[in-house]
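Close look at the chain arrangement
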Amino acid sequence: MKKEILYVCEICGKKFKSASKAKECEKQGIPDKDKFPVGLIFNDPTAPSDSFYKDITFAVAKVNVQGHYMGVSAWACRDNGAGDNLDEYCSYYPLDGKDEPNRNHPTFKRMVKALKKKRIPITVWNGKKAVKL
């Protein structure tokens, strides 16, 4: 019989053969879910013209945290033929690094109107953090 000792990251549950590797994993910490509040409007204004994400504005509907990972589920206003999705939401990845959305785009204006109708506080991603509209 062989005895094996494993060290487990208490945040994500990943197992390591060394305590130092487990501690290193734990140092990643827990994502700050308050960074992306419900009602945060964002998009990818740099999306190529042939990209699926061209002419879409998103708003955070739910923040999803699992271990060290954080993503958001979002509502979408689309001018790419897929239509708006304001009652259900789609999954989306974290938005760090994205630029501020175009406030003059028709999808942005529709999203603001939809969030006001839902009585959800509106913030906008400025490329670094959520700011009030």
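Rules used throughout
Residues numbered from 1 in each chain as written. Predicted model: local features only at pLDDT ≥ 70, side-chain atom pairs only at ≥ 80, totals over all residues. Heavy atoms only, no water. Helix = DSSP H or I, 4+ residues; strand = E, 2+ residues; numbered from the N terminus. Contact = heavy atoms within 4.5 Å. Buried < 20%, exposed > 50% of the residue type's maximum accessible area, 1.4 Å probe, protein only. Polar contact = N/O pair within 3.5 Å; in protein donor to acceptor, adjacent residues only side chain to side chain.

Take the environment of Pro37 next. Tracing the backbone shows Pro37 in the loop between helix H1 (19–26) and strand S3 (40–42). Taking C-alpha positions, Pro37 is 7.7 Å from Ala130, a pair spaced 93 residues apart along the chain. Dropping the residues within four chain positions of it, Pro37 is found in contact with Val60, Thr123 and Ala130.

Here we take up unusual backbone geometry. With phi around 60°, Arg119 is a residue other than glycine that occupies positive phi space. In this fold, Arg119 is placed in the loop between helix H2 (106–117) and strand S7 (123–125).

Turning to its location among the elements, Ser73 is positioned in strand S5 (residues 69–78). By relative accessible area, Ser73 is classed as buried at 6%. In this structure the side chain of Ser73 is engaged in a polar contact, spanning 3.0 Å, whose partner is the side chain of Asn64. What Ser73 contacts, discounting residues up to four positions off in sequence, is Ala59, Val60, Ala61, Lys62, Asn64, Tyr89, Cys90 and Ser91.

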